[in-house]
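# A structural walkthrough
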Amino acid sequence: METKLFTASDDDIALAGEIIKNGGLVAFPTETVYGLGASAFNPDAARKIYAAKGRPSDNPLIVHICDKAQLSEIAESITPDAQSVIDAFMPGPITIILKKNLLIPDAVTAGLKTVAVRYPSNETACRLIRAAGVPIAAPSANLSGKPSPTDVSHVIEDMTGRIDAIIDGGRCDVGVESTIVDFTDEPPVILRPGGVTYDDLKKVVPTIKIDKNILRSIGADEVPKSPGMKYKHYAPNAEVTVIEGEKENVQRKIKELLSDNEGKIAGVLAMYGADYDNAVILSAGESNKEYAKNLFSALREFDRLGVEKVYAEFCEKDGYGLAVKNRLYKAAAQRVIHV
Ligand code: TXA
Ligand code: MG
């Protein structure tokens, strides 16, 4: 299949909207990561998404809207807490889980009675949804198991030849996927941390909880609330180890690990100005917010450079810390050294 590369011009967005309307697949930028979109009302189109990504068919998609009025087409009802979050944070990097409306096909929700809804703030994403005339079902636009794409080059790498078109929207602002909150449970629970933080949410929904599985791996016999939790995500080819703690301790530990590295090509994802020898150093930025923006592209870059072992400096510093830690721990398959 030939994959067209579109800009965000009006003409290109109109063409991309037509492709979605006609049951095709278009990758598009959002403020979090790139999405791989199809009409949310077309089960055959939704199934093509799973094939293009190599995604397990029990992992549901997020339905993207460009107008709060579309919520009633997708959800059966909206709880008062969900309404408060919609008022406070949409459009933005948040996804809410609600009871699904009958219009949404099982292929989109992987057979669940609930649906994930997100209203992105990215202009290009909203223009595409408007041009398509339907809500757009979209997971992240990476091959299953790869880090989510935060730049158009990542989408080109993973999806060329597999989908109809890619819209170039440059680099994504947030860099990690949206915060997911499940409102079908009482109290509401955060299933995935992201750009709307726990502290932000607590101001609006004081009873909100964080799912216990956010920082651990799920056992083979467990059924998590969000099917995506059980898959190995965000894993680069390199073996990643997180070194977590205060700057001096982290840097001392990494120097020690680098000196005993079995001749492997090593890399460091650095939060601070670092002087490591014999390692490829990529900057994560000093704040956790910058870390979120840089993390996935750095993991891909380490792979591109043939790095075999990555040591990631980490210290929780701000509200984005939990989102970064959740992705880092998964990328490291829970190999974390606290110093
Ligand atoms: O920022 C984002 O959320 C990006 C952009 C493209 O919007 N999308 C994204 O989609 O990250 P994806 O498919 O990579 O992650 C969706 C997550 C999966 O972990 C899935 O299990 C969960 O949402 N999910 C979807 N529907 C659900 C539902 N009804 N109940 C529980 N979890 C659900
Ligand atoms: Mg994904």
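Described below are features of the structure shown in this document.

With that settled, the discussion passes to the site of ligand 1. Ligand 1 sits among 26 residues. The nearest are Thr32, Arg55, Asn59, His64 and Ser178. One nitrogen or oxygen atom from the side chain of His64 is found 2.6 Å from an oxygen atom belonging to ligand 1. Within the side chain of Ser178, a nitrogen or oxygen atom sits 2.5 Å from an oxygen atom of ligand 1. Taking 680 Å² as the accessible area of ligand 1 by itself, protein coverage stands at 97%. Where the shell around ligand 1 is concerned, the elements lending two or more residues are strand E4 (62-64) and strand E6 (114-118). Ranked by the residues each element gives to the shell around ligand 1, the list is headed by E6, at 4 residues. Looking at the shell around ligand 1 residue by residue, the class counts come to 12 nonpolar, 9 polar and 5 charged.

Turning to the pattern of salt bridges, a few remarks are in order. Going through the model one piece at a time under the given rule, you end up with 15 salt bridges. A salt bridge links Glu301 to Arg304; the shortest N-O distance between them is 3.0 Å. Here Glu301 pairs with Arg304, and both are found in helix H10 (residues 288-304), just 3 residues apart, close to one helical turn. Overall, the relative accessible area of 58% leaves Arg304 in the exposed class. Among the charged side chains, a network of salt bridges with common partners joins Glu157, Asp158 and Arg300.

For the rest of this paragraph, the subject is unusual backbone geometry. Put simply, Met90 and Pro91 share a cis peptide bond, and its omega is 0 degrees. Along the chain, the position of Pro91 falls in the loop between helix H4 (80-89) and strand E5 (94-99). The residue Ala110 is not glycine, and still its phi comes out positive at about 55 degrees. Relative to the helices and strands, Ala110 is located in the loop between helix H5 (106-109) and E6. Look at Ala110 and you get partly exposed, because its relative accessible area is 24%. A positive phi angle is found at Glu262, which is not glycine, with a value near 55 degrees.

Looking now at the packing of aromatic side chains. Inspection of the entire model under this criterion finds 1 aromatic pair. Ring centres 5.8 Å apart and planes at 80 degrees place the aromatic pair Tyr291 and Phe314 in the edge-to-face group. You can see Tyr291 sitting in helix H10 and its partner Phe314 sitting in strand E15 (residues 309-314), a full 23 residues away along the chain. Both residues of the pair, Tyr291 and Phe314, count as buried.

A word on the sheet that holds E15. If you trace the 5 strands from one edge of the open sheet to the other, you get E14-E13-E15-E12-E16, paired in parallel fashion. Only two strands of the sheet have a single partner each, and these edge strands are strand E14 (280-283) and strand E16 (336-338). Strand-to-strand twist across the sheet, computed as the mean angle between neighbouring axes with direction ignored, equals 20 degrees. Inspection of the sheet shows strand E13 (residues 266-270) paired to E15 by 4 bridges, in the parallel sense. When the bridges of E15 are listed, Val268 appears paired with Tyr311. Most of the contacts of helix H9 (residues 247-258) go to E15, to which it runs at about 170 degrees, and overall it touches strand E12 (239-244), E13, E15 and E16.

Looking now at the side chain of Ser148. Here Ser148 is to be found in the loop between strand E7 (136-138) and helix H7 (152-159). Judged by its relative accessible area of 1%, Ser148 falls in the buried class. A polar contact is formed between the side chain of Ser148 and the side chain of Glu177, at a distance of 2.5 Å.

Rules behind the numbers
Residues numbered from 1 in each chain as written. Chains lettered and ligands numbered in written order. Predicted model: local features only at pLDDT ≥ 70, side-chain atom pairs only at ≥ 80, totals over all residues. Heavy atoms only, no water. Near = heavy atom within 4 Å. Polar contact = N/O pair within 3.5 Å; in protein donor to acceptor, adjacent residues only side chain to side chain. Areas by Shrake-Rupley, 256 points an atom, 1.4 Å probe, with all protein chains shown as cover. Helix = DSSP H or I, 4+ residues; strand = E, 2+ residues; numbered from the N terminus. Nonpolar A, V, L, I, M, F, W, Y, C, P; charged D, E, K, R; others polar. Salt bridge = Lys/Arg side-chain N within 4 Å of Asp/Glu carboxyl O. Buried < 20%, exposed > 50% of the residue type's maximum accessible area, 1.4 Å probe, protein only. Phe/Tyr/Trp six-rings, centres within 6.5 Å; stacked < 30°, edge-to-face > 60°. Pairing = 2+ DSSP bridges. Axes fitted to C-alpha atoms, helices over the stretch in contact; angles between N-to-C directions. Contact = heavy atoms within 4.5 Å.

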